[in-house]
Amino acid sequence: MACTPLDLDELVEHWTLLKDEQRLVSGKRGATRLGFAVLLKFYTQYGRFPRGRAELPGEAVEFVARQVQVPASELGFYEWTGRTVEYHRAQIRGHLGFRECSVADAEQLTAHLAEHVAHKERRPEQVRVELLARCRVESIEPPTPGRCDRIVAAALRAAEEALTVRISSRLTAESVERIAALVAGGADQDDEAGPDGGIDGEDGRPVLGKIKEAPGNVSLETMLTEIDKLLAVRAIGLPPDLFIDVAPKVLAGWRARAAVESPSHLRTHPVPLRVTLLAALLHEREREVTDTLVELLISTVHRIGARAEKKVTEQLVNAFKKVSGKENILFKLAEASLGAPEGTVRQVVFPAVSGGEATLRELVHEFKTRGPVYWRTVQTTLKVSYTNHYRRGLIKLLDVLEFRSSNHAHRPVIEALALVARYASAGNTTYYPLGETVPVHKAMGGDWAEVVHRTDKRGRCRVVRMVYEVVAFQALRDQLKCKEIWVVGADRWRNPDEDLPQDFEVRRAENYRELRKPLDASVFIDELREQMTAELSLLNEQMPKLSWLDIAERKSGAIRLTAAEAQPEPRNQTGSAAPSRPSSRSCPACVSMASASPRCTRLSTRPRSSPTTAPGAGRQPRPRRYARSGYGPGAGPGRASFAGAWCAPRSWSMTSACPRTAAWPSPAMPSGPRRPPSRSAASRTRSPARPAPATTGSARISTA
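Residues numbered from 1 in each chain as written. Predicted model: local features only at pLDDT ≥ 70, side-chain atom pairs only at ≥ 80, totals over all residues. Heavy atoms only, no water.

### Focus: the overall build of the protein chain
Going by this rule: The way it works is that DSSP assigns letters per residue, a run of H or I at least four long becomes a helix, a run of E at least two long becomes a strand, and they are numbered from the N terminus. Whether two residues are in contact is decided by their heavy atoms: any pair within 4.5 Å suffices.
The secondary structure content of the protein chain amounts to 26 helices and 10 strands. Considering only contacts within the protein chain whose residues lie at least 6 apart along the sequence, 66% involve residues at least 24 apart.

Pasting the structure below:
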């Protein structure tokens, strides 16, 4: 236990000896008196004895020492093991009414944890906290850490066994057989079953493996695949209230456990545990797949409309040309028409407009591309896209998902979906039958009104079936996004009334205590108001003091931020580095310089023995060819050798000078243009060898 500094209030509250405690301490002297008093107050506060001197706060020891009139340093002479401390512990237990944890007490604690704690909390550390709290209530001294771990593990195991037996008993014999068949197969059948084991589906893939797969991108194929998954899970026949009394944390733990264990490992579990794990996986996957299908429906309906608009826009954007000055054109047309009312359009109207007939055609086209004709074209394209491609998946989606609404205002959308599903296989019927009641909802108005309703050959107003289906799915998408319509068996898209636990009102005080919120709404509002007032006041006080902020009345806005200063470049990205001493990785001219300057990277060296100070003086370094230049100061074409340095391959061309000295590495090199001579000229020109400097490790150029 980490010792934190204690203030005076905490010392007075928890470390003050009461009258009966003073009488209990009065018969002892010296270190025994102080040690007994400290043990007594520690046990009173924590319900257990300290494991050593390190657990006792120094402030508390001094505070108790002043009360018993014993120097605090005497505690160092107190014996923490032996008969004396055992006798003191027995006295303290008897005084406070506590007892040591016996075997019967451990069994009772295990049963209590398994029945009231471990069935809804599977984390051992939280169960341990409940164990210590229960020990305090039952006036039982907490067991040792190792024994606590064993009690917690036994409670978790007993709770899991009881839960699995209860859940497996709710399943029918047929459901148990189907669940067991998902991982069925002996040792000789594991290879045929594959890594996910079990029975195979219609496509030859294991059903369990197909259920575990994640969904793909938004497409018709993904929607059909997810529908097959949902049907495969529902074919097992799990009751809807199978896990009604199981905590969500426990259910999530079982689902994660079954998802990662292999079929061969699952077969080693007892039958109740195996069936429960697989049932939890199927139950959670059913909810997840349902959520995925709802999200695919929303995305697909949006994609149909977006692609229709994009397609129509691309067709019209090239021919679109905005006409300016429409008011002037209208005035000129009116003036010309009134001036010559008996003339023809081509003789009177066309000449009155700049551009003539072409301008008027562009004006008409602009109206078509921006007015109701454009949206009618988009709606027609949308209907075609839905009918030819997406309808197959969306209609099938209505068969596997059940949509409901708690708001009577949105009942027409639910009824419209029922009508769409009822006439899904009506063939090429254009209109709904005359006697059919077609639900009317808000989405049918506006721009869709003229497209949904059409007059047939006999002059009767009819409802176009395919257009009505498109409008119904768009209305469904809008209501799903605001949760006015929800889906049975979903998780994210479930009934909003199920967001709170069913027993929330019964356990209201406990739930608010876990949320750390007051029960009284006015208290919560007052605390929130005080917090916001304090923060806003602090902001109001600090804003005028900011140097980069200017607040004044101006037309462009009251708040103006000054431009931030540029941050310094990182040292590892700047062009210049800090000065350093010449190293062995420098060119010959740089090595001979005594001044420190940025390191030259034209040459790279390898450690070699010096010809004068180290053994092997007669050994010369292997010559290297200058990179890309085809030129070298030695006797051979393009070859040079150094006593302490090698030319970095393909890193230095002889057409450039050293970056430090702006000089050529060899005095034999020409000082004129940097264009290297040809290979034949280099072979005919021989330069005298440069003597090696006296400094050990410096470079020396020798002929090849």
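Still to come is the rest of the account.
### Concerning unusual backbone geometry
Keep this limit in mind: When accessible area is computed with a 1.4 Å probe and restricted to protein chains, residues below 20% of their type maximum are described as buried, those above 50% as exposed, and intermediate ones as partly exposed.
Even without glycine at this site, Lys483 takes up a positive phi of about 60 degrees. By secondary structure assignment, the location of Lys483 is in the loop between α22 (465-481) and β4 (486-487). We note that Arg516 has phi near 60 degrees; this positive angle belongs to a residue other than glycine. You can see Arg516 is positioned in the loop between α23 (508-515) and α24 (521-542). Residue class for Arg516 comes out exposed when judged on its relative accessible area of 76%.

### Quick word on the nonpolar core
Cut-off, in case you're wondering: What we call a nonpolar core is a set of buried Ala, Val, Leu, Ile, Met, Phe, Trp, Tyr and Cys residues that are connected through their side-chain atoms within 4.5 Å.
Counting residues in each nonpolar core, the largest one holds 50 residues, and the members touching the most others are Leu293, Leu394, Leu401, Phe403, Tyr468 and Leu480. Of all the secondary structure elements, the ones that give two or more residues to this core are α12 (220-234), α15 (271-317), α19 (372-400), α20 (411-422), α21 (449-452) and α22. With 10 residues, α22 is the single largest residue contributor to this core. Of all hydrophobic cores here, the second largest spans 30 residues; its members include Ile211, Ala232, Val246 and Leu278.

### Some words on the packing of aromatic side chains
For clarity, the cut-off: Pairing of aromatic rings covers Phe, Tyr and the six-membered ring of Trp, with a centre-to-centre limit of 6.5 Å; geometry is then stacked below 30 degrees between planes, edge-to-face above 60, and tilted otherwise.
Inspection of the entire model under this criterion finds seven aromatic pairs. Consider the rings of Phe42 and Tyr46, whose centres lie 4.6 Å apart with planes at 40 degrees: the pair is tilted. Remark: Tyr46 and Phe42 occur in helix α3 (residues 30-46); sequence separation between them is four residues, near one turn of the helix. Using a relative accessible area of 33% as the deciding quantity, one classes Tyr46 as partly exposed. With a centroid separation of 5.2 Å and 90 degrees between ring planes, the pair formed by Tyr43 and Phe98 is classed as edge-to-face. Here Tyr43, found in helix α3, pairs with Phe98, found in the loop between α5 (83-96) and α6 (103-116); they are 55 residues apart in sequence, far enough to count as distant.

### Comments concerning the environment of Arg508
Topologically, Arg508 is positioned in helix α23. Taking relative accessible area as the criterion, Arg508 reaches 28% and is therefore assigned partly exposed. Considering only alpha carbons, one finds Arg508 and Leu519, 11 residues apart in sequence, at a separation of 8.3 Å.

### Here we look at the packing of α3 against helix α4 (residues 58-68)
Heads up, the rule is: The convention used is that axes are lines fitted to C-alpha atoms, helices contributing only their stretch in contact, and that angles between N-to-C directions extend from 0 to 180 degrees. Relative orientations are named as follows: roughly parallel for angles under 35 degrees, roughly antiparallel for angles over 145 degrees, roughly perpendicular for angles from 65 to 115 degrees, and oblique for any other angle. Two helices that cross are described as forming a left-handed crossing if the nearer one is turned anticlockwise from the farther one by less than a right angle, and a right-handed crossing if clockwise. Following the grouping adopted for this structure description, the nonpolar residues are Ala, Val, Leu, Ile, Met, Phe, Trp, Tyr, Cys and Pro, the charged ones are Asp, Glu, Lys and Arg, and the polar ones are all others, Gly among them.
Between α3 and α4, the shortest axis-to-axis distance is 10 Å and the interhelical angle comes to 125 degrees. Relative to α4, the element α3 is oriented oblique. Here α3 and α4 pass one another in a crossing that is right-handed. For the pair formed by α3 and α4, the contact residues are Arg33, Leu34, Ala37 and Val38 on the first element and Val61, Val64, Ala65 and Val68 on the second. Grouping the amino acids of the contact of α3 with α4 by side-chain chemistry returns seven nonpolar, no polar and one charged.

### Looking at the pattern of salt bridges
This is how the line gets drawn: When a carboxyl oxygen of Asp or Glu is within 4 Å of a side-chain nitrogen of Lys or Arg, the pair counts as a salt bridge.
In total, this model carries 37 salt bridges according to the counting rule given. A salt bridge links Arg166 to Asp245; its shortest N-O distance comes to 3.5 Å. Taken together, the positions of Arg166 in helix α8 (residues 145-168) and Asp245 in the loop between α12 and α13 (248-260) put the pair 79 residues apart, joining distant regions of the chain. A single network of salt bridges, built from pairs that share partners, joins Arg122, Glu160, Arg257 and Glu261.

### Quick word on the state of the cysteines
Spelled out, the test is: Two cysteine sulfur atoms form a disulfide, by the criterion used here, when they sit within 2.5 Å.
All chains considered together, the criterion is met by zero disulfides. Left without a disulfide partner, Cys135 is nearest to the cysteine sulfur of Cys101, which lies 6.0 Å away.

### Some remarks on the confidence of the model for the protein chain
Our working definition: Looking at any residue, its pLDDT shows the predictor's confidence there, from 0 to 100.
Scored by pLDDT, the protein chain comes out at a mean of 76, with 70% of its residues at no less than 70. Counting interchain partners and residues more than four positions distant, the pLDDT-below-50 stretch residues 577-621 has 85 contacts. Low pLDDT, under 50, characterises residues 623-704; the stretch is placed with 151 contacts to residues that sit more than four places away or in other chains.

### Considering α13
Side chains three or four residues apart in an α-helix point the same way, a direct result of the helix having 3.6 residues per turn. Convention followed: A helix's residues, less one, multiplied by 1.5 Å, set its expected span. The arc in question is traced by the directions running from the helix axis to the C-beta atoms.
Its 13 residues place the ends of α13 19 Å apart at the C-alpha level, agreeing with the 18 Å of an ideal helix rising 1.5 Å per residue. All of the buried residues in α13 are Val250, Leu251, Trp254 and Ala258. One face of α13 carries all of its buried residues, which in axial projection span an arc of 100 degrees. Set apart from the buried face of α13 by more than 90 degrees, the exposed residues are Pro248, Lys249 and Val260.

### Things to note about a nonpolar patch on the surface
As a reminder, the rule being used: A patch consists of residues exposed above 30% relative accessible area that lack any salt bridge, with like charges linked at up to 9 Å and nonpolar side chains (Val, Leu, Ile, Met, Phe, Trp, Tyr) linked at up to 5 Å. The protein chains shown are the only cover counted for residues, whose accessible areas, like all others here, come from Shrake-Rupley with a 1.4 Å probe.
Together, Phe524, Ile525, Leu528, Met532, Leu536 and Leu539 make up an exposed nonpolar region whose accessible area comes to about 540 Å². Tracing the backbone shows Leu536 in helix α24. Owing to a relative accessible area of 53%, Leu536 belongs among the exposed residues under this scheme.

### Points about the packing of α6 against α8
Look at α6 against α8: their axes get within 8 Å of each other, and the N-to-C directions meet at 45 degrees. Classified by the interaxial angle, the pair formed by α6 and α8 is oblique. Crossing of α6 against α8: the hand is right-handed. In this structure, α6 uses Val103, Ala106, Thr110, Leu113 and Ala114 to contact α8, whose residues at the interface are Arg147, Ile151, Ala154, Ala155, Ala158 and Ala159. When grouped by side-chain class, the residues that make up the contact of α6 with α8 number nine nonpolar, one polar and one charged.

### Some details on a negative patch on the surface
This is how the line gets drawn: We treat Lys and Arg as the positive residues and Asp and Glu as the negative residues; His and chain ends play no part in the count. Charge coordinates come from a single atom per side chain, which is NZ of Lys, CZ of Arg, CG of Asp or CD of Glu.
A cluster of acidic side chains, namely Asp7, Asp9, Glu10 and Glu13, defines a negative patch on the protein surface. Along the polypeptide, Asp9 turns up in helix α1 (residues 8-14). Relative accessible area serves as the criterion here: at 60%, Asp9 is assigned to the exposed category.

### Points about the side chain of Thr292
Applicable threshold: Polar contact is defined as a pair of N or O atoms within 3.5 Å, subject to the rule that within protein one atom must be able to donate a hydrogen and the other to accept it, and that residues adjacent in sequence are counted only when both atoms are side-chain atoms.
Summarising the element assignment, Thr292 is placed in helix α15. Polar contacts involving the side chain of Thr292 include one to the main-chain carbonyl oxygen of Glu288, which spans 2.9 Å. Each residue touching Thr292, except ones within four places of it in the same chain, is listed here: Pro215 and Glu226.

### Side note on α8
Between the first and last C-alpha of α8 there are 35 Å, a value that for 24 residues agrees with the 34 Å anticipated at 1.5 Å per step. Every buried residue belonging to α8 is among Cys148, Ile151, Val152, Ala154, Ala155, Leu156, Ala159, Glu160, Leu163, Thr164, Ile167 and Ser168, and all of these are buried.

### With respect to the environment of Leu296
Counting through the fold element by element, Leu296 comes out in helix α15. Along the primary structure Leu296 and Pro215 are separated by 81 residues, whereas in three dimensions their C-alpha atoms are 9.9 Å apart. With sequence-adjacent residues up to four places away left out, Leu296 is seen in contact with Val218, Thr222, Met223 and Glu226.

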